[in-house]
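# Architecture at a glance
Chain by chain, the residues run as shown.
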Amino acid sequence: MIKDITIGQYFPGKSAIHRMDSRVKLLLDIVYLVMLFVSQSFTGLFAGLFFMVICYIISGIKLIMIIKSIRPILPLMIITAVLNVLFIGGEEPLFSWWIISIYPEGLRVSAFMLLRIVALIVGMSLLTYTTSPIMLTDAIERLLSPLKKLRFPVHELSMMMTIALRFIPTLVEETDKIMSAQKARGANLDSGNLFQKAKALVPILIPLFVSAFKRANELATAMECRCYRGGEGRTRMRQLKIAARDIVAIVIMLLLLAGEITMNFFPIIP
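One pass over the structure, following the stated rule, counts 2 salt bridges. Of the charged contacts, one joins Glu 174 and Arg 215 as a salt bridge, the two residues approaching to 3.2 Å between their closest N and O atoms. One end of the pair, Glu 174, is in helix 7 (residues 154-184); the other, Arg 215, is in helix 9 (residues 202-225), and 41 residues separate them in sequence. A relative accessible area of 17% means that Glu 174 is categorised as buried. For Arg 215, a relative accessible area of 30% gives the class partly exposed.

Here you go:
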């Protein structure tokens with residue numbers, strides 16, 4: 001399970017999506033999120049998910065990465081589905097036993113929420129899969145640059161967000177190594193009740209926190225040795241420029257958003 005966490009990973013490539021302006025990709029991802037929450041029908045969510053699958057194919061990212069990006073949050077999805085099924089009522093139950101009643105409305109809302117979460121995770125994952133942490137930092141900083149006039153620490157904020165995102169795969173790998181080492185010493189991490197499993201996590205969390213603080217200290221020392229002074233007077237090797245492919249992507253996404261809004265009034269699958 002630990003090895004399947006792909007959040008924050010970047011897969012280099014030369015596809016049209018990889019070469020898009022990172023600012024445009026970030027804005028389009030926000031539009032995609034708005035589109036998912038605007039959609040009120042299964043038709044719109046399926047259309048958004050199908051569009052993302054096409055984007056994965058164009059980017060050259062294997063479709064198996066979709067499953068890997070969803071698998072870590074599968075327990076949360078199951079809990080969400082169960083709660084929706086049990087607590088959303090309706091007119092006539094499909095099944096009733098003791099205090100438990102399952103209604104068609106609950107099943108519909110549960111399926112709708114699960115599909116929305118899947119589409120959400122798939123879209124957000126594609127952004128990190130095709131955008132390097134450096135380009136993502138530049139995009140966030142450029143988009144928030146108007147806030148500099150209000151003395152808002154834009155560069156520091158964007159740097160912290162990107163460093164946190166960048167170190168997720170590193171911490172995942174470190175956790176896997178610690179778990180393997182504990183199992184080699186005879187630790188039983190998979191059996192027992194909930195409290196026993198929580199207690200077994202203590203020998204993992206302590207060295208993980210120690211390693212995380214050590215890496216943070218090493219990163220701070222390395223930045224100081226390179227005379228890092230934030231965004232003041234900083235130059236960039238790669239300048240962000242909007243190309244024709246970015247304009248085409250913006251038009252396609254706006255058309256898709258308009259289609260989603262239209263589907264709310266004329267749904268094929270309500």
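Past the structure itself, the notes keep going.
We now examine helix 1 (residues 22-38). When the terminal C-alpha atoms of helix 1 are compared, their 24 Å separation across 17 residues agrees well with the 24 Å that a helix rising 1.5 Å per residue should span. Listed in full, the buried residues belonging to helix 1 are Ser 22, Arg 23, Val 24, Lys 25, Leu 26, Leu 28, Asp 29, Tyr 32, Met 35 and Leu 36. At its buried positions, helix 1 is contacted by helix 2 (42-59), helix 5 (104-130), helix 6 (133-143) and helix 10 (244-265). With a side-chain oxygen lying 2.8 Å from the backbone nitrogen of Arg 23, the N-terminal cap of helix 1 falls on Asp 21.

One way to put it is that helix 1 packs onto helix 5 with a least axis distance of 10 Å and a crossing angle of 180°. Relative to helix 5, the element helix 1 lies roughly antiparallel. Contacts between helix 1 and helix 5 involve Lys 25, Leu 26, Asp 29, Tyr 32, Leu 33, Leu 36 and Phe 37 on the former and, on the latter, Arg 116, Ala 119, Leu 120, Gly 123, Met 124, Leu 127 and Thr 130. Tallied by class, residues from the contact of helix 1 with helix 5 come to 9 nonpolar, 2 polar and 3 charged.

Where helix 1 meets helix 10, the closest approach of the two axes is 10 Å, and the angle between their N-to-C directions is 5°. It follows from the interaxial angle that helix 1 and helix 10 lie roughly parallel. Side by side, helix 1 and helix 10 meet where Val 24, Leu 28, Val 31, Tyr 32, Met 35 and Val 38 of the first sit next to Asp 246, Ala 249, Ile 250, Met 253, Leu 256, Leu 257, Glu 260, Ile 261 and Asn 264 of the second. Grouping the amino acids of the contact of helix 1 with helix 10 by side-chain chemistry returns 12 nonpolar, 1 polar and 2 charged.

Within the element layout of this structure, Ser 39 appears in the loop between helix 1 and helix 2. With relative accessibility at 0%, the residue Ser 39 sits in the buried group. Within the local environment of Ser 39, its side chain forms a polar contact with the side chain of Glu 260, the two groups lying 3.3 Å apart. The contact partners of Ser 39, leaving out residues within four places of it in the chain, are Gly 44, Leu 45, Phe 112, Arg 116, Glu 260 and Asn 264.

About the cut-offs
- Residues numbered from 1 in each chain as written.
- Predicted model: local features only at pLDDT ≥ 70, side-chain atom pairs only at ≥ 80, totals over all residues.
- Heavy atoms only, no water.
- Salt bridge = Lys/Arg side-chain N within 4 Å of Asp/Glu carboxyl O.
- Helix = DSSP H or I, 4+ residues; strand = E, 2+ residues; numbered from the N terminus.
- Buried < 20%, exposed > 50% of the residue type's maximum accessible area, 1.4 Å probe, protein only.
- Expected span 1.5 Å × (residues − 1).
- Contact = heavy atoms within 4.5 Å.
- Polar contact = N/O pair within 3.5 Å; in protein donor to acceptor, adjacent residues only side chain to side chain.
- Axes fitted to C-alpha atoms, helices over the stretch in contact; angles between N-to-C directions.
- Parallel < 35°, antiparallel > 145°, perpendicular 65-115°, else oblique.
- Nonpolar A, V, L, I, M, F, W, Y, C, P; charged D, E, K, R; others polar.

By themselves, these figures tell us nothing about what the structure is for.
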